[in-house]
Amino acid sequence: MEREPQTMSSSHFPEELKTFYYTQRLDHFNYRPDSYTTFQQRYMINFKYWGGAKSSAPIFAFFGAEAPVDEDINYVGFLRDNAPQFNALIVYIEHRYYGKSIPFGSRKEAMRNASTRGYFNSAQAIADYAAVLLHIKKSLSAQNSPIIVIGGSYGGMLASWFRLKYPHIALGALASSAPILYFNGVAPQAGYYYIVTKDFKEISESCYQTIRKSWSEIDRVAKKPNGLSILSKRFKTCKKLSKSFKLKDYLDSIYTDVAQYNEPPVYPVKVICEAIDATAKKTDILGQIFEGVVAYMRHRSCYDMDEYNHPTETNLNWRWQTCSEIVMPIGHDRNDSMFPPAPFNMKRFVNDCRRLYGVLPQPHWVTTYYGGPDLKLILHRFASNIIFSNGLRDPYSSGGVLESISNSVIAVTTVNGSHCLDIRSKQSSDPQWLVRQRNTEVKIIKGWIAEYQADLQALNKQIQAPKPES
């Protein structure tokens, strides 16, 4: 779900950021002896801007997702950029089984078998967040400080689900690029790749056509007696290709990556298409495609076809999450796609997951536990204080909430936005539409907090008012 930002050492954290560890319970939902096992969960607090408990100043809590929380500190700037005007405390909480928040003593032990992995799910994760936030409020005597939870992508899903499950803890949620509808057939399977295709096609029809034709050209060359050697040389692969799928998968990853993160001021989709189109009269289709790779990946001595598939912590752990409950059936089978047909095959997916982990995926559980179908009808009267923000150039927006559900469950969209762009750090080069999107979100959050403060004041007056004598 998330591109992996550059890892930072703790020495690169802002000086005002303090690291803490909370003794977290392994299992929040059972009362077996092993449920009471604990692990150390990492969280970080920035006190610099906080107005203090006495003024009921708010708490901005960022929910870590499928990566160590270190990687989000600089990448996500929304909290830091806006905390001063809210006098807000900033909290970052790491997701269990990532970074330094590992049960069972080590990552190897935590992921050893189905029993230890069984505690690795979203319901346990948001229960962790509830426990940490209540602990913070208690330790700071900040019972009346409202909490706004913020997350992006999978973390955005967690933020919205947290507001629904724990409304007594979070006053509101900002869920950026959260594809909460990409489950159990609610959103179309081909939606993700349809938007990738649309992003390229809108930049350049000829670029789109070249990419579309390239897959069959790769297959044609691969069928030659020394075809894989030819492809390996033409794409300067670090290792000789054993099958053409490796190359096609690598190109697929590049195109989806640039579409998902097609951010200003660079706009990498445009970078690739300009390189492909510029060489149209100088080389053949495969030569054009390679020029697109070079434009994005820069000049290298060779190109690693496994670059997107290395067994990183995020890749390994996210694979377990998608094989258990986060089952998003993403495929491409539309005629107007620039990708060859590859519909999502649930039967094959289930068999692969069972082979890998010895358990069956639960594709219906997310919609059973959190909801999904008839969201507009159900949440219209039940839910409140959630912002679903999406950039419509983000392929995951196809599974996002794009229309407001009520006056306080609000969709904020931008035509040119990309994945989680609104919660990224402010830049001087930010276009006006992005500035307006963030300002809209800030205005909505200010409204929630003003209502809360008014309610709190009215309640305090009511409590303090002298009771009439009987």
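Residues numbered from 1 in each chain as written. Predicted model: local features only at pLDDT ≥ 70, side-chain atom pairs only at ≥ 80, totals over all residues. Heavy atoms only, no water.

**Topic: the overall build of the protein chain**
As a reminder of what qualifies: By the criteria applied, helices consist of DSSP H or I runs no shorter than four residues and strands consist of E runs no shorter than two, each listed in order from the N terminus. Radius of gyration: C-alpha atoms only; globule rule: 2.2 Å multiplied by the number of residues to the exponent 0.38. Between buried and exposed lies partly exposed: a residue is buried under 20% and exposed over 50% of the maximum accessible area for its type, with that area taken using a 1.4 Å probe on protein chains only. Computed with the Shrake-Rupley method and a 1.4 Å probe, the accessible areas treat only the protein chains shown as cover for residues. Positive charges come from Lys and Arg, negative ones from Asp and Glu, while His and the chain ends are left out of the count. Each charge is placed at NZ for Lys, CZ for Arg, CG for Asp and CD for Glu.
Along the backbone of the protein chain there are 17 helices and eight strands. In terms of C-alpha radius of gyration, the protein chain reaches 24 Å, essentially the compact-globule figure of 23 Å for 470 residues. The principal-axis extents of the C-alpha atoms in the protein chain amount to approximately 100 × 55 × 50 Å. Put simply, the protein chain has 470 residues, and 56% of those count as buried. As displayed, the protein chain has an accessible area near 21500 Å², and 52% of this comes from carbon and sulfur atoms. Averaging the positions of the 55 positive and the 44 negative side-chain charges in the protein chain gives two centres separated by 2 Å.

**Considering unusual backbone geometry**
Across residues other than glycine, the phi torsion is negative in most instances, and most of the peptide bonds are trans. Residue P265 is reached from P264 by a cis peptide bond, and omega for that bond is 0 degrees. Inspection of the secondary structure assignment puts P265 in the loop between α10 (244-260) and α11 (268-278). A positive phi is found at R298, a non-glycine position, where the angle reads about 70 degrees. Mapping R298 onto the fold places it in the loop between α12 (285-297) and α13 (313-324). Look at N385: it is not a glycine, yet its phi comes out positive at around 55 degrees. One can find N385 in the loop between α16 (375-382) and β7 (386-391). Overall, the relative accessible area of 8% leaves N385 in the buried class.

**Notes on the nonpolar core**
Side chains of nonpolar character tend, in soluble globular proteins, to be buried together. Worth spelling out the cut-off: Nonpolar cores were defined as sets of buried Ala, Val, Leu, Ile, Met, Phe, Trp, Tyr and Cys residues, with membership established by side-chain atoms within 4.5 Å. The contact definition used throughout considers only heavy atoms, calling two residues in contact when any of these lie within 4.5 Å.
Counting residues in hydrophobic clusters, the biggest one holds 105 residues, and the most contacted among them are F63, V149, F162, F200 and Y255. When residues of this core are assigned to their parent elements, the largest contribution, nine residues, is made by helix α5 (residues 122-139). Non-local contacts of F162, meaning those with residues more than four positions away in its chain, are made with F63, I126, Y129, A130, L133, V149, P167, I169 and A170.

**Some details on the environment of T23**
With respect to the secondary-structure elements, T23 resides in strand β1 (residues 17-25). Spatially, the C-alpha atom of T23 lies 9.8 Å from that of A131, the residues being 108 residues apart in sequence. When near neighbours in sequence (up to four residues on either side) are disregarded, T23 contacts T38, F39 and Q40.

**Notes on the pattern of salt bridges**
The line we're drawing: A carboxyl oxygen of Asp or Glu within 4 Å of a side-chain nitrogen of Lys or Arg is what we treat as a salt bridge.
All chains considered together, the criterion is met by 18 salt bridges. Among the ionic pairs, R32 bridges to D34, the shortest N-O distance being 3.1 Å. Note that R42 is salt-bridged to D70, the shortest N-O span being 2.3 Å. Of this pair, R42 sits in strand β2 (residues 38-46) while D70 sits in helix α1 (residues 70-73); the two residues are 28 residues apart in sequence, bridging distant segments of the chain. Comparing R42 with D70 shows no difference in burial state: the two are buried. When salt bridges with common partners are traced through the structure, they connect R42, D70 and E94 into a single cluster.

**Topic: the side chain of D128**
Turning to its location among the elements, D128 is positioned in helix α5. Beyond its immediate stretch of four places on either side in the chain, D128 contacts Q24, R25, H28, F39, Q41 and R96.

**Some remarks on the packing of helix α8 (residues 205-222) against helix α9 (residues 227-234)**
Let me state the cut-off plainly: Angles shown run from 0 to 180 degrees and are taken between the N-to-C directions of axes, each axis being a line fitted to C-alpha atoms and, for helices, limited to the stretch in contact. An angle counts as roughly parallel when it lies under 35 degrees, as roughly antiparallel when it exceeds 145, as roughly perpendicular when it falls between 65 and 115, and as oblique in every other case. Any residue outside Ala, Val, Leu, Ile, Met, Phe, Trp, Tyr, Cys, Pro, Asp, Glu, Lys and Arg is labelled polar, Gly included; the first ten of those are nonpolar and the last four are charged.
Where α8 meets α9, the axes come as close as 7 Å, and the angle between the chain directions of the two elements is 130 degrees. Considering the angle they form, α8 stands oblique to α9. Touching I218, V221 and A222 of α8 are G227, L228, I230 and L231, all from α9. For the contact of α8 with α9, the residue count by class is six nonpolar, one polar and no charged.

**Focus on the state of the cysteines**
The test is simple: We call a pair of cysteine sulfur atoms a disulfide when they lie within 2.5 Å.
This model, assessed by the stated rule, comprises three disulfides. The disulfide partner of C207 is C273, and the gap between their sulfur atoms is 2.1 Å. Across the disulfide from C207 to C273, rotation about the S-S bond amounts to roughly -70 degrees, and the bridge is consequently left-handed. Within this pair, whereas C207 is found in helix α8, its partner C273 is found in helix α11, the two being separated by 66 residues in sequence.

**What to know about the packing of aromatic side chains**
Definition in use: Under the pairing criterion, centres of Phe, Tyr and Trp rings, with the six-membered ring standing for Trp, must be within 6.5 Å; the plane angle then separates stacked pairs below 30 degrees from edge-to-face pairs above 60, leaving the rest tilted.
Inspection of every chain in the model, using the stated rule, returns 26 aromatic pairs. Note on Y192 and Y396: the rings are 4.8 Å apart at their centroids and 70 degrees apart in plane angle, and the pair reads as edge-to-face. Separated by 204 residues along the polypeptide, Y192 in helix α7 (residues 191-203) and Y396 in the loop between β7 and β8 (409-414) bring together distant segments of the chain. We note that Y192, like Y396, is buried. When the ring of F235 is compared with that of F290, the centres are 5.9 Å apart and the planes differ by 90 degrees; the resulting orientation is edge-to-face. With F235 in the loop between α9 and α10 and F290 in helix α12, this pair connects stretches of sequence that are 55 residues apart.

**Overview of the confidence of the model for the protein chain**
For the record, the criterion: A residue's pLDDT is the predictor's confidence in that residue, given on a scale from 0 to 100.
Of the residues in the protein chain, 96% reach a pLDDT of 70 or more, and the chain-wide mean stands at 94. Within the model, the stretch residues 1-11 combines pLDDT values under 50 with 32 contacts to residues more than four positions away or in other chains.

**Things to note about the pairing of strand β5 (residues 147-152)**
The side chains of a regular strand alternate between the sheet's two faces. To keep it simple, the criterion reads: Looking down the strands as they point away from the viewer, one classifies a crossover as right-handed if the path from the first strand across the helix to the second runs clockwise.
For β5, a buried count of six out of six residues is recorded, marking the element as mostly surrounded by other parts of the structure. Neither face of β5 is exposed, since I147, V149 and G151 on one face and I148, I150 and G152 on the opposite face are all buried. Read from β5 through helix α6 (residues 154-165) to strand β6 (residues 172-176), the crossover connection turns out right-handed.

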